[in-house]
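Working through the structure, step by step
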Amino acid sequence: MTILSHAFAPLAESLQRAVFIDGRFQPSDGAPLPVTDKATGEVLGHAAIATSVDIDRAVTGAASAQRDWYRTPATERAAILRRGGEILTREAARFKDVLVREGGATGPKAEGEIAASVIEFYQAAELATTPLVSCAVN
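In short, a report on the structure. Keep in mind that what you see is a predicted model, and the values were worked out from it rather than measured.

Let's talk about the packing of aromatic side chains
Taken as a whole, this structure holds one aromatic pair when the rule is applied. Relative to Phe25, the ring of Phe20 lies with its centre 5.2 Å away and its plane at 70 degrees, an arrangement referred to as edge-to-face. Classification of Phe20 by relative accessible area gives exposed; the value is 54%.

Below you can see the structure in the form of structure tokens.
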């Protein structure tokens, strides 16, 4: 079992022939790209390469999502961002494993990157509900 299929079993197969666009995995004609362990060269899994058609669909989907996100109440956006921080904290060991094997990071570097990302989630959640005047003054 590869690290990608072990750490993220539900995603591993989807990543080989699909790209994540507009909130879900969608089929892609992009060729699968091997994802390797930077230390050993072992193929950990495959990820589809987005085509120009995929990129156009992603840009269109992102523009639509931005309009929906803008209309989402600040308290709800903050809750979503906090949930991201909670999930990343809970799943830190799985993400660390992938960062080390697929990204070539050392364990402490991966832990630092995850911790920094968690902090960013919580800071963004706080900003979502901070009045603009407070942001400008501080």
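Thoughts on the pairing of strand 1 (residues 18–21)
The side chains of a regular strand alternate, first on one face of the sheet and then on the other. When strand 1 meets strand 2 (residues 24–27), the two strands line up antiparallel, connected through four bridges. From the neighbouring strand, Ile21 faces strand 2, where its bridge partner is Arg24. Following strand 1, the chain reverses through two residues before pairing antiparallel with strand 2; Asp22 in that reversal takes a positive phi of roughly 60 degrees.

Brief notes about unusual backbone geometry
Non-glycine residue Asp22 carries a positive phi angle of around 60 degrees. In this structure, Asp22 sits in the loop between strand 1 and strand 2.

Details of the side chain of Gln26
Mapped onto the secondary structure, Gln26 falls in strand 2. Overall, Gln26 belongs to the buried group, its relative accessible area being 11%. A polar atom in the side chain of Gln26 sits 2.9 Å from the side chain of Arg57. Once residues lying within four places of it in the same chain are set aside, the contact partners of Gln26 are Arg17, Ala18, Val19, Ile21 and Arg57.

A closer look at the pattern of salt bridges
In total, this model carries nine salt bridges according to the counting rule given. Ionic pairing is found between Arg83 and Glu86, a salt bridge with its closest N-O pair at 3.9 Å. Separated by three residues within a single helix, Arg83 and Glu86 lie in helix 4 (residues 74–90), roughly one turn from each other. On the basis of relative accessibility, which here comes to 39%, the residue Glu86 falls in the partly exposed class.

Observations concerning the packing of helix 5 (residues 92–103) against helix 6 (residues 107–128)
Running from N to C, helix 5 and helix 6 cross one another at 125 degrees; their axes reach a closest spacing of 9 Å. Classified by the angle their axes make, helix 5 and helix 6 are oblique. Between helix 5 and helix 6 the crossing geometry is right-handed. Where helix 5 approaches helix 6, its residues Ala92, Phe95, Lys96, Leu99 and Val100 are matched on the opposing element by Gly107, Ala110, Glu111, Glu113 and Ile114. Partitioned by chemical class, the residues of the contact of helix 5 with helix 6 number six nonpolar, one polar and three charged.

Quick look at the pairing of strand 3 (residues 32–36)
Here five bridges tie strand 3 to strand 4 (residues 43–48), and the two strands are oriented antiparallel to one another. When the bridges of strand 4 are listed, Pro32 appears paired with Ala48. Taking the residues between adjacent antiparallel strands as the criterion, strand 3 and strand 4 are bridged by six residues, where Gly41 takes a positive phi near 80 degrees.

Description of the environment of Pro108
When you line up the elements, Pro108 lands in helix 6. On a C-alpha basis, the gap between Pro108 and Lys96 in space is 9.0 Å, while along the polypeptide they are 12 residues apart.

Topic: the packing of helix 4 against helix 6
Where helix 4 contacts helix 6, the axes come no closer than 8 Å and their chain directions differ by 165 degrees. Considering the angle they form, helix 4 stands roughly antiparallel to helix 6. The hand of the helix 4/helix 6 crossing is left-handed. Residues Ala74, Ala78, Leu81, Arg82, Gly84, Gly85, Glu86, Leu88 and Thr89 of helix 4 lie in contact with helix 6, whose contacting residues are Ile114, Ser117, Val118, Phe121, Tyr122, Ala124, Ala125 and Ala128. Looking at side-chain class alone, the contact of helix 4 with helix 6 contains 11 nonpolar, four polar and two charged residues.

Quick notes on the rules
Residues numbered from 1 in each chain as written. Predicted model: local features only at pLDDT ≥ 70, side-chain atom pairs only at ≥ 80, totals over all residues. Heavy atoms only, no water. Phe/Tyr/Trp six-rings, centres within 6.5 Å; stacked < 30°, edge-to-face > 60°. Buried < 20%, exposed > 50% of the residue type's maximum accessible area, 1.4 Å probe, protein only. Pairing = 2+ DSSP bridges. Helix = DSSP H or I, 4+ residues; strand = E, 2+ residues; numbered from the N terminus. Polar contact = N/O pair within 3.5 Å; in protein donor to acceptor, adjacent residues only side chain to side chain. Contact = heavy atoms within 4.5 Å. Salt bridge = Lys/Arg side-chain N within 4 Å of Asp/Glu carboxyl O. Axes fitted to C-alpha atoms, helices over the stretch in contact; angles between N-to-C directions. Parallel < 35°, antiparallel > 145°, perpendicular 65-115°, else oblique. Left-handed = near helix turned anticlockwise from the far one by under 90°. Nonpolar A, V, L, I, M, F, W, Y, C, P; charged D, E, K, R; others polar.

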